[in-house]
2 protein chains.
Amino acid sequence: MATEYKTRAGQPFDRAAFESLLRRKVFLWQSFEPYGAVKGLFDYGPPLENLEAEVINIWRDHFIRHEKMMALKCSMLTPYEVLKTSGHVDKFADFMCKDPKTGEILRSDHLIKDVIESRLTSDREARGEKIEETEEDPKLKKKKAKAAKAAVRLDEATKKEYEHLLATLDDQTGDDMGALIRKHDIRNPTSGNEVEPPVSVNLMFQTQIGATGKEPAFLRPETAQGQFLSFQKLLEFSDGQLPMASASIGYSFRNELSPRSGLLRVREFLMAEVEHFVDPQSGKRHPKFASVRDTKLPLLDRKTQNEGGSTPQIKTIGEAVDSKLVDNETLGYFLVRIMLFMEKIGIDPAKLRFRQHMANEMAHYAADCWDCELLSSYGWIECVGCADRSAYDLSVHEKATGTFLKVREPLKEPVRVEEWVANLDKKKSGPRLKKDQGKVEAALKGLSQEFKEKCSLAMEKEGKVEVPVEGVEGGKVELDKDIVSFVKETRMETMREYTPNVIEPSFGVGRILYSLMEHCYWTREKDEARSVMSFKPTIAPIKVLLVPLQKDSRFAPVLADLEAKLDDAQLSFKVDQSGVSIGKRYSRNDELGIPFGITVDYESLEGKGVTLRERDSTKQVRSSLEEILDAVVAMCKGKENWESVQKRLPAFEGKVEEE
Amino acid sequence: MATEYKTRAGQPFDRAAFESLLRRKVFLWQSFEPYGAVKGLFDYGPPLENLEAEVINIWRDHFIRHEKMMALKCSMLTPYEVLKTSGHVDKFADFMCKDPKTGEILRSDHLIKDVIESRLTSDREARGEKIEETEEDPKLKKKKAKAAKAAVRLDEATKKEYEHLLATLDDQTGDDMGALIRKHDIRNPTSGNEVEPPVSVNLMFQTQIGATGKEPAFLRPETAQGQFLSFQKLLEFSDGQLPMASASIGYSFRNELSPRSGLLRVREFLMAEVEHFVDPQSGKRHPKFASVRDTKLPLLDRKTQNEGGSTPQIKTIGEAVDSKLVDNETLGYFLVRIMLFMEKIGIDPAKLRFRQHMANEMAHYAADCWDCELLSSYGWIECVGCADRSAYDLSVHEKATGTFLKVREPLKEPVRVEEWVANLDKKKSGPRLKKDQGKVEAALKGLSQEFKEKCSLAMEKEGKVEVPVEGVEGGKVELDKDIVSFVKETRMETMREYTPNVIEPSFGVGRILYSLMEHCYWTREKDEARSVMSFKPTIAPIKVLLVPLQKDSRFAPVLADLEAKLDDAQLSFKVDQSGVSIGKRYSRNDELGIPFGITVDYESLEGKGVTLRERDSTKQVRSSLEEILDAVVAMCKGKENWESVQKRLPAFEGKVEEE
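Calculation rules
Residues numbered from 1 in each chain as written. Chains lettered and ligands numbered in written order. Predicted model: local features only at pLDDT ≥ 70, side-chain atom pairs only at ≥ 80, totals over all residues. Heavy atoms only, no water. UniProt positions renumbered as here; feature names shortened; annotations may be inferred. Helix = DSSP H or I, 4+ residues; strand = E, 2+ residues; numbered from the N terminus. Buried < 20%, exposed > 50% of the residue type's maximum accessible area, 1.4 Å probe, protein only. Contact = heavy atoms within 4.5 Å. Areas by Shrake-Rupley, 256 points an atom, 1.4 Å probe, with all protein chains shown as cover. Lys, Arg positive; Asp, Glu negative; His and termini not counted. Charge placed at Lys NZ, Arg CZ, Asp CG, Glu CD. Pairing = 2+ DSSP bridges. Axes fitted to C-alpha atoms, helices over the stretch in contact; angles between N-to-C directions. Phe/Tyr/Trp six-rings, centres within 6.5 Å; stacked < 30°, edge-to-face > 60°. Lys NZ or Arg CZ within 6 Å of the ring centre and 35° of its normal. Least-squares fit on C-alpha atoms with pLDDT ≥ 70 in both. Buried area = accessible area lost by both parts, 1.4 Å probe. Salt bridge = Lys/Arg side-chain N within 4 Å of Asp/Glu carboxyl O. Polar contact = N/O pair within 3.5 Å; in protein donor to acceptor, adjacent residues only side chain to side chain. Nonpolar A, V, L, I, M, F, W, Y, C, P; charged D, E, K, R; others polar. Parallel < 35°, antiparallel > 145°, perpendicular 65-115°, else oblique. Expected span 1.5 Å × (residues − 1). Arc of directions from axis to C-beta. Core = buried A, V, L, I, M, F, W, Y, C linked by side-chain atoms within 4.5 Å. Domains from an automatic or database assignment.

- As recorded in an unreviewed UniProt entry, chain A goes by the name glycine--tRNA ligase, listed as coming from Recurvomyces mirabilis.
- Recorded under Subunit (unreviewed entry), the UniProt text for chain A is reproduced unchanged: "Homodimer."

Put into structure tokens, the structure is as follows:
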């Protein structure tokens, strides 16, 4: 992959150089460095923190405001019971293998991948192929080196099998992986020991609320659950009308066993999640679908993947929904909105695709799922999941708590309903059933129509029936006709009750930011050391670089005036007054992605305007301070672009920057 | 307090009515209601979530952008060692008393306050005074009722003592509180049992990172520590120059034993914290202090409080700093900026004061501290702490980790330094000291100048000295002149090294939002049921209400056009098409604080413009759609106010709203 991935300027991407830039310009670093950095936790420095804030503001505007979503903020600390019901206590887990002799804990899929990859590398060595050096966890590299020290050539069949194994690894269950480990004699690469079979380890951070020890809790693994539990409030705020959508931007947590891949796999991360509630009987149509129907998307479907392909088809979302490739209009509408958002923040459209989940890969609650994947030097990475969670969550929470989590809707015309009901004579049954009364009542309510009809017949014939009742001795109770009767009743129904289905676009903000940084990075031709971060002016962490021609106190009043005006215009700026050449000052600030530079020179002191330099082209225009500021404001708000500014303001041919 | 606190319109504040509005319009609610709401955790619904986002954006602009602070985002999960060093493991705690018979856990200060307050209430009853009913935790009310059932009159001395006790309770240590509990026979009000003496309980949420159990961690109790540990990166980004400031907007956690007071005391909360690093030798001057010197602030100093007073003095910050009432310019500058921020978001200036911390009340690290307090129906509440943390944090982290957390600055002129040094001859000492070699070396380095001078004399006389060495047997080591010599050396020092001091304004965002909502709330004269949330247009969660005169499909195209234009202008809006009167539609949306209403009527269909209604005055103007939109945009950006719009656009006398 490392060889295929190119920068926006078409150059080979040098991850080491890129990471060096991120370090040098303090975009990010591992948290708590002085105490020995903690894996999977990152701090954002000023450039990345500001970039995130700009991206979040665009997200809010693009989704919450434009789509009239209901913004929510829910708690991160979440009681045990909530996540037990949602399924996360049982299923939000990774498989790990323990090395019984050293006590080391290894993620099962990582273990398999590492060992098999190192065997393939060793095979390539044995065949005399050149081995590509990739930037990786040095510890891991050491492990691999150890495992690969004696180059071993594989036979063709084994090589093919290994390649297939790697391609399908994400799709394996714990038992599958256990079988693979036994079959291929996969051992802990550091110790050479056999490992225990994969066991599931929950990935939530556990804690407790209060000091009593009676309120176990987790840090939430997703923001969704809080949104579901707010369903009634949301429905109230929407005057009972569906479709409606909530949106939440907040942190979630995942206690990774051994995090890798920098920002792409972390333990604490910002998500932006939408829960769009629809009536399942509506066909999940979307009122604004017509407006996006002709938008083309790169879609990599399940079928293509099953056949081993990885080239997406370019289709309009209209075609995709009509052919049922994408299940419904609402899912389709969101795929388009996601793509438009990505383009708005500056993601390279050629490095974006939508991939349909494989059956085995979907979350435990999902009915269908498309990921928006972005290409980076790590390969194609899921950055937005767009799942149809069906009615799963609302149903299980309603069942667990007895809270009504449905929509009640007046029917246009009342409907006559005929159905079997079980009538319990509580006065008589009470003394006989005693403490089981409630359980029996609930059991009777839950019986199917068919079963009730059968009971009615049995009652007529035998005067008694046996009914399954959860939680009583023996699991069933015999009831005679004295205390229960089964009759067919007719009633007019005027209301319809249903559990909405939920379509959920879920954004991993950190992954998007990381991909965005890679997409914006390139180096100037003829000078690889001069790298640039081409952030769009709308999202750039700092908008303007102010450079006085040289150190000279005469520039001070003009600079002060300019600074006051930039402050009034609410533009962030940086002043570089250091003694080095203007070219050098621009060049080192290109690495921060500052889109515009304003130079103050001796002519500026005579009221002859200032120079404006654009980062990507390094072209300049010159005009009055006011006109330059107006142009900068317009470009930073996305109301005008550089081409247009260049046309209306006089060009300026300055000295060569390389000086 | 409840009787004193008034709305912005000067009416008595009815907290029950206010809370009912917050519930009805889903501003907030306790989290996880379907599972039994968890105390101290709150969810924000759309109005409050959007309000928070607007307030945060203003904060970012007012502090981060305008003051060129370095924005940081640090991890919430924090390793044990970091918080051990910072002092939080030992000192971030509350005192609690256990009821040994019931196992109940009571916060010591709450226990004392409840019991003493109920005795005072009982006394007032016995004197025949009317008891004010206040909205409170029903459980607590019950407790009080129980304790107060037999009205008991207190003698004057006891009454005075109790009143003094309540006024000074915040200032008590655990032992103090234990003494008070014994002296006044304070018992658990629910059981009547004596309680155990106060013990300290840590208030951090504990968890662990990874699956090994070897990485204990906490959820951070403040964002500050992450900022301190990023010190080196910040200094790099600032080209080594001080003063510099970092700023972080993020969540912190506090595992309250028994949270009360709604949003004012919660377990998970958003903070906005600034760490401003200064050279302690600079006198903590601030370059922009001159620009704020004449700003007047309400300052309640320590002295006034000690004398039992609570009326702040109105002084310019210049006077306050000159007289050393406020310790230094930087602290003073921030107090002014805090006040300006509060005014910008719509806090009532008459409900704001700055209170100096009492000596005993300051955090374990603070050198001086002023709180910005806001008045609400709960009384004066700390919403921003502005502390001088001195060099505490950087020093302890440097000591614990060995990481260099100082500033290194070239001296203007080299300084000649004469000092005693101990030279250890390691070749000779090694074989003799063996494993203690390192400890001896460190001990010699740490000796004071005076001690070294004495050693030099002793060595001359006796040929040996005894030096205290930590960690060796007996705690000291005898060294003879063969292996160590003490000599006076002269060297030229060209660099100065120092640990910066830190001034920290720390904002509790939830408390500010709660106070803001109370400050914005009032009811229309003659109609208490018509309540209004007077959010400034710049922070209002929804900017525009669109109301077609009545249900009529002919309005659809005009509405669609208006909606598209509002969307283009990036203004949030709500359409109210329900069948009720315009007056009613305005009135129920006044509770959401929507500042502007645009009415589309039959004349609008003929191109005769639309009506704009302002929420607080209910006055209207009428003009073309374009002009109305321009006015709304200008007001929502804070570029124009309603008075000015009223002057330039024609007034419109509509029907009476009360209809």
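Text resumes after the structure shown.
## Here's the deal with the overall build of chain A
- Helix and strand counts for chain A stand at 23 helices and 28 strands.
- In terms of overall dimensions, chain A has C-alpha extents of about 110 × 65 × 55 Å along its principal axes.
- Taking all 659 residues of chain A together, 54% fall into the buried category.
- For chain A, the proportion of contacts with a sequence separation of at least 24, taken over those separated by at least 6, is 69%.
- When the accessible surface of chain A is split by element, carbon and sulfur atoms take 49% of a total near 30200 Å².
- A distance of 1 Å separates the average location of the 101 positive side-chain charges in chain A from that of its 110 negative side-chain charges.

## With respect to the sheet that holds strand E8 (residues 206–208) of chain B
Residue and element names in this part refer to chain B.
- Overall, antiparallel pairing links the 3 strands, which are arranged E4-E9-E8 in an open sheet. The two strands at the open ends of the sheet, each matched to only one other strand, are strand E4 (77–79) and E8. Averaged over neighbouring strand pairs, the angle between their axes works out to 45 degrees when direction is ignored.

## Side note on the environment of Phe228 of chain A
Residue and element names in this part refer to chain A.
- Note that Phe228 resides in helix H9 (residues 224–229).
- By relative accessible area, which is 0% here, Phe228 ends up buried.
- In sequence terms Phe228 and Ser246 are 18 residues apart; their C-alpha atoms lie 9.3 Å from each other.
- Excluding residues that lie within four positions of it along the chain, Phe228 makes contacts with Glu275, Phe277, Arg389, Asp393, Leu394, His397 and Val502.

## Remarks on the environment of Leu257 of chain B
- Secondary-structure assignment places Leu257 of chain B in the loop between strand E10 (244–253) and strand E11 (268–278).
- In this structure, the C-alpha to C-alpha distance between Leu257 of chain B and Glu67 of chain B, residues 190 residues apart in sequence, is 38 Å.
- Setting aside chain neighbours within four positions, we find Leu257 of chain B in contact with Ala211 of chain A together with Asp94, Met96, Arg107, Val201, Leu203 and Arg267 of chain B.

## A word on the packing of aromatic side chains
Residues and elements named next belong to chain A.
- Counted under the stated rule, the structure contains 36 aromatic pairs over all chains.
- Where Trp59 meets Phe63, the ring centres are 4.9 Å apart and the plane angle is 35 degrees; that geometry is what we call tilted. You can see Trp59 and its partner Phe63 sitting in helix H2 (residues 46–65), 4 residues apart, about one turn around the helix. Pair check on accessibility: Trp59 and Phe63 agree, each one buried.
- Within the aromatic cluster, the residues linked to one another by ring pairs are Tyr5, Phe13, Phe18, Tyr378, Tyr514 and Tyr521.
- A cation over a ring is seen here: Arg408 above Phe404, with NZ or CZ 4.4 Å from the ring centre.

## A closer look at the relation of the copies chain A and chain B
- When chain A is brought onto chain B, the operation consists of a screw motion whose angular component is 180 degrees and whose axial shift is 0.0 Å, with 0.4 Å RMSD remaining. Viewed as a symmetry operation, the transformation between the two copies matches a two-fold axis. No C-alpha of chain A approaches the rotation axis more nearly than that of Thr207 of chain A, which lies at 2.7 Å.
- Taken together, the interface assignments show that 100% of the residues at the interface of chain A recur at the interface of chain B, consistent with an identical surface on both copies.

## Things to note about the interface of chain A and chain B
- Opposite the 80 residues of chain A that make contact, chain B presents 80 residues.
- Across the chain A/chain B interface, buried area totals approximately 6800 Å², and carbon plus sulfur atoms make up 60% of it.
- Looking only at chain A, the three residues that lose the most surface to chain B are Phe32, Tyr35 and Lys73 of chain A, adding up to 12% of its buried area.
- The interface formed by chain A and chain B contains 8 salt bridges.
- Between Lys73 of chain A and Glu52 of chain B there is a salt bridge; the shortest N-O distance is 2.7 Å.
- Where chain A meets chain B, there are 37 residue pairs in polar contact (both at pLDDT 80 or more).
- Here the side of chain A that touches chain B takes 11 residues from H2 of chain A, the largest share from any one element.
- Each residue belonging to the side of chain A that touches chain B can be placed in one class, and the counts come to 38 nonpolar, 20 polar and 22 charged.

## Regarding the packing of helix H15 (residues 426–433) of chain B against helix H16 (residues 437–446) of chain B
Residue and element names in this part refer to chain B.
- Across the interface, H15 lies against H16 with an axial gap of 9 Å and an inter-helix angle of 125 degrees. When the axes of H15 and H16 are compared, the pair comes out oblique. Residue-level inspection shows Lys426, Ser429, Gly430 and Leu433 of H15 in contact with H16, the latter providing Gln437, Val440 and Glu441.

## With respect to the pattern of salt bridges
- Tallying each qualifying case throughout the model produces 115 salt bridges over all chains.
- Measuring nitrogen to oxygen at the nearest pair gives 2.8 Å for the salt bridge that ties Arg337 of chain B to Glu67 of chain B. Within this pair, whereas Arg337 of chain B is found in helix H13 (residues 329–345), its partner Glu67 of chain B is found in the loop between helix H2 (46–65) and strand E3 (70–72), the two being separated by 270 residues in sequence. An identical accessibility class is assigned to Arg337 of chain B and Glu67 of chain B; each is buried.
- Across the pair Glu478 of chain B and Lys464 of chain B runs a salt bridge whose closest N-O atoms are separated by 3.8 Å. Taken together, the residues span a long stretch of sequence, with Glu478 of chain B in strand E19 (residues 476–480) and Lys464 of chain B in strand E18 (residues 464–468) at a distance of 14 residues.
- If you follow the salt bridges from partner to partner, you end up with Asp94, Arg107, Asp109, Arg254, Glu256 and Arg265 of chain A in one network.

## Some details on helix H19 (residues 556–568) of chain A
- In this model, H19 of chain A (13 residues) spans 18 Å end to end at C-alpha, consistent with the 18 Å of a helix rising 1.5 Å per residue.
- When H19 of chain A is considered as a whole, its buried residues turn out to be Val558, Leu559, Leu562, Leu566 and Asp567 of chain A. Projection of H19 of chain A onto a plane perpendicular to its axis shows the buried side chains occupying an angular sector of 170 degrees, all on one side. Turned more than 90 degrees off the buried face of H19 of chain A, the exposed positions are Pro557 and Asp568 of chain A.
- The inward-facing, buried residues of H19 of chain A contact strand E24 (544–548), strand E25 (573–575), strand E26 (596–600), helix H21 (602–605) and helix H22 (625–636) of chain A together with H2 of chain B.
- Gln570 of chain A sits one or two residues past H19 of chain A and shows a positive phi near 55 degrees.

## Digging into the nonpolar core
- By size, the foremost hydrophobic cluster in this structure holds 172 residues, and its most contacted members are Met342 and Met517 of chain A together with Met342 and Met517 of chain B.
- Apart from residues no more than four positions distant in its own chain, Met342 of chain B is found in contact with Ile347, Leu352, Cys372, Leu374, Val384 and Ile512 of chain B.

## Here's the deal with the domain arrangement of chain A
Residue and element names in this part refer to chain A.
- By the assigned domains, chain A splits into domain 1 (15–86 + 206–392), domain 2 (93–202), domain 3 (415–494) and domain 4 (542–648).
- Look at where the C-alpha atoms of domain 1 and domain 4 centre, and you get two points 37 Å apart.
- The interface is formed by 6 residues belonging to domain 1 together with 4 residues belonging to domain 4.
- Regarding the contact of domain 1 and domain 4, the summed buried area is about 440 Å², with carbon and sulfur atoms giving 52% of it.
- If you look at where domain 1 meets domain 4, you find 2 salt bridges.

## Comments concerning unusual backbone geometry
- Cis geometry is found at the peptide bond from Leu242 of chain A to Pro243 of chain A, where omega equals -5 degrees.
- Looking at where Pro243 of chain A falls in the secondary structure, it is placed in the loop between helix H10 (231–237) and strand E10 (244–253).
- For Lys324 of chain B, which is not a glycine, the phi torsion comes out positive at approximately 70 degrees.
- Positionally, Lys324 of chain B belongs in the loop between helix H12 (317–322) and H13.
- In the Ramachandran plot, Thr618 of chain B falls in the positive-phi region, its phi being about 60 degrees despite a non-glycine side chain.
- Judged by relative accessible area, Thr618 of chain B falls into the partly exposed class, the value being 27%.

## Things to note about the side chain of Glu49 of chain B
- By the element assignment, Glu49 of chain B lies in helix H2.
- Looking at Glu49 of chain B, the relative accessible area reads 6%, which means it is buried.
- For Glu49 of chain B, the residues in contact, after removing those within four places along its chain, are Arg60, Ala71, Leu72 and Lys73 of chain A together with Tyr44 of chain B.

## Section: the side chain of Ser246 of chain B
- Mapped onto the elements of the fold, Ser246 of chain B is located in strand E10.
- One polar contact links Ser246 of chain B to Gln227 of chain B, side chain to side chain, over a distance of 2.6 Å.

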